[in-house]
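Residue-level structure breakdown
If you want the building blocks of each chain, they are given just below.
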Amino acid sequence: MNSSHQTLISWNEECIQLLEKLSLLLERERVALVSFNMEQIMTSTVEKAAAVKQLSEKRNQLKKYVQVRFGKTLSELSQELSPESAALWNESQKKWSRGWNHLVRQCEGNQGFLKHSLKNVDLLLTHLKHLFGDPGIYNQSGKRQDLSSSGKVLEGQF
């Protein structure tokens, strides 16, 4: 196997390691979301952003290298490699694909949980406002009426 093929596989393995790092960060984020640990949520957001940037840069570097060196995309690369290198590349790409799909599911899961949690926090705030003297006004059909004065003209009497 020549050095350019080793470089390709090595860089792809680095991308896979970065995916695994991101996956661990998403697991920690999930724990922080469940426990409503705001400090850990903020920390994991910063760590995720740095890891995503690192992964993006490495993946773009790999894509550019393949484009310049072989004139192909990553999916077309195995055609240009020796059978031995192509087998290693294809196995590495399968690992990448599995890791990427797992990462996407984790992201969707965390986003879904966050959306659900925010909805529950909004409901909790609405109930607390009601308990502390901000009762809602409802019409005859049971729909809440908006009685806020913002954006409306009020009639004043002197």
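Residues numbered from 1 in each chain as written. Predicted model: local features only at pLDDT ≥ 70, side-chain atom pairs only at ≥ 80, totals over all residues. Heavy atoms only, no water.

Observations concerning the overall build of the protein chain
Rules: Every helix listed is a DSSP run of H or I at least four residues long, and every strand listed is a run of E at least two residues long, numbered separately from the N terminus. For every residue, the accessible area obtained with a 1.4 Å probe (protein chains only) is divided by the maximum for its type, and the residue is called buried under 20%, exposed over 50%, and partly exposed between those limits. Working rule for contacts: check all heavy atoms of both residues, and any pair within 4.5 Å makes them a contact. In short, Shrake-Rupley with a 1.4 Å probe defines the accessible areas, and a residue's cover is counted only from the protein chains shown.
In terms of regular secondary structure, the protein chain is built from 3 helices and 2 strands. Burial analysis of the protein chain (158 residues in total) assigns 26% to the buried set. Long-range contacts, defined here as pairs at least 24 residues apart, represent 65% of the contacts in the protein chain between residues at least 6 apart. By element, 57% of the accessible surface of the protein chain is carried by carbon and sulfur atoms, the whole surface being about 11,400 Å².

Here's the deal with the pattern of salt bridges
Working definition: two side chains of opposite charge can pair if their charged atoms are close together. Test applied: Here a salt bridge means any side-chain nitrogen of Lys or Arg lying within 4 Å of a carboxyl oxygen belonging to Asp or Glu.
Scanning the entire structure with this criterion turns up 5 salt bridges. Here Lys 58 makes a salt bridge to Glu 14, at a shortest N to O gap of 3.2 Å. Residue Lys 58 is located in helix α2 (residues 38-70), and its partner Glu 14 is located in helix α1 (residues 3-35); the two are separated by 44 residues in the primary sequence. Lys 53 is the partner of Glu 57 in a salt bridge, and the nearest nitrogen-oxygen pair spans 4.0 Å. Placement of both Glu 57 and Lys 53 in helix α2 is noted, with a separation of 4 residues, approximately one turn of the helix. Since its relative accessible area comes to 45%, Glu 57 is described here as partly exposed.

So, unusual backbone geometry
Located in the positive-phi region is Phe 36, a residue other than glycine, with phi close to 55°. The class for Phe 36 is exposed, based on a relative accessible area of 56%.

Some thoughts on helix α3 (residues 83-131)
What counts is decided by this rule: Residue count minus one, scaled by 1.5 Å, sets the expected span of a helix.
Helix length check: α3 (49 residues) gives 71 Å between terminal C-alpha atoms against 72 Å at 1.5 Å per residue, within 8%. For α3, the full list of buried residues reads Ser 85, Ala 86, Trp 89, Ser 92, Gln 93, Trp 96, Leu 103, Gln 106, Asn 110 and Ser 117. Those residues of α3 that are buried lie in contact with α1 and α2. Positioned one or two residues after α3, Gly 133 has a phi angle of 100°, which is positive.

Things to note about the side chain of Ser 92
Turning to its location among the elements, Ser 92 is positioned in helix α3. With a relative accessible area of 2%, Ser 92 lands in the buried category. For Ser 92, the contacting residues outside a window of four places in its chain are Ile 9, Asn 12, Glu 13 and Ile 16.

Quick notes on the packing of α2 against α3
As a reminder of what qualifies: Simply put, an axis is a line fit to the C-alpha atoms, just over the touching stretch for a helix, and the angle between two N-to-C directions goes from 0 to 180 degrees. Relative orientations are named as follows: roughly parallel for angles under 35 degrees, roughly antiparallel for angles over 145 degrees, roughly perpendicular for angles from 65 to 115 degrees, and oblique for any other angle. In this scheme the handedness of a crossing depends on how the near helix is turned from the far one: anticlockwise by less than a right angle means left-handed, clockwise means right-handed. Note on residue classes: Ala, Val, Leu, Ile, Met, Phe, Trp, Tyr, Cys and Pro are nonpolar, Asp, Glu, Lys and Arg are charged, and everything else, Gly too, is polar.
Viewed as axis vectors pointing N to C, α2 and α3 meet at an angle of 150°, and their least axial separation amounts to 15 Å. As the angle between them shows, α2 and α3 are arranged roughly antiparallel. For the crossing formed where α2 meets α3, the hand is left-handed. On α3, the residues that touch Leu 55, Arg 59 and Leu 62 of α2 are Trp 89, Gln 93, Trp 96 and Trp 100. Within the contact of α2 with α3, the residues separate by chemical class into 5 nonpolar, 1 polar and 1 charged.

Topic: the packing of aromatic side chains
Formally: Pairing of aromatic rings covers Phe, Tyr and Trp, the last through its six-membered ring, and needs centres within 6.5 Å; plane angles under 30 degrees mean stacked, over 60 mean edge-to-face, and all others mean tilted.
Tallied over the full model, the rule gives 2 aromatic pairs. Pairing Trp 11 with Tyr 65 gives two aromatic rings, centres 5.2 Å apart and planes at 65°, and the pair type is edge-to-face. With a gap of 54 residues between them, Trp 11 in helix α1 and Tyr 65 in helix α2 connect regions that are remote in the sequence. Where Trp 96 meets Trp 100, the ring centres are 5.6 Å apart and the plane angle is 20°; that geometry is what we call stacked. With a gap of 4 residues between them, Trp 96 and Trp 100 both fall in helix α3, about one helical turn apart.

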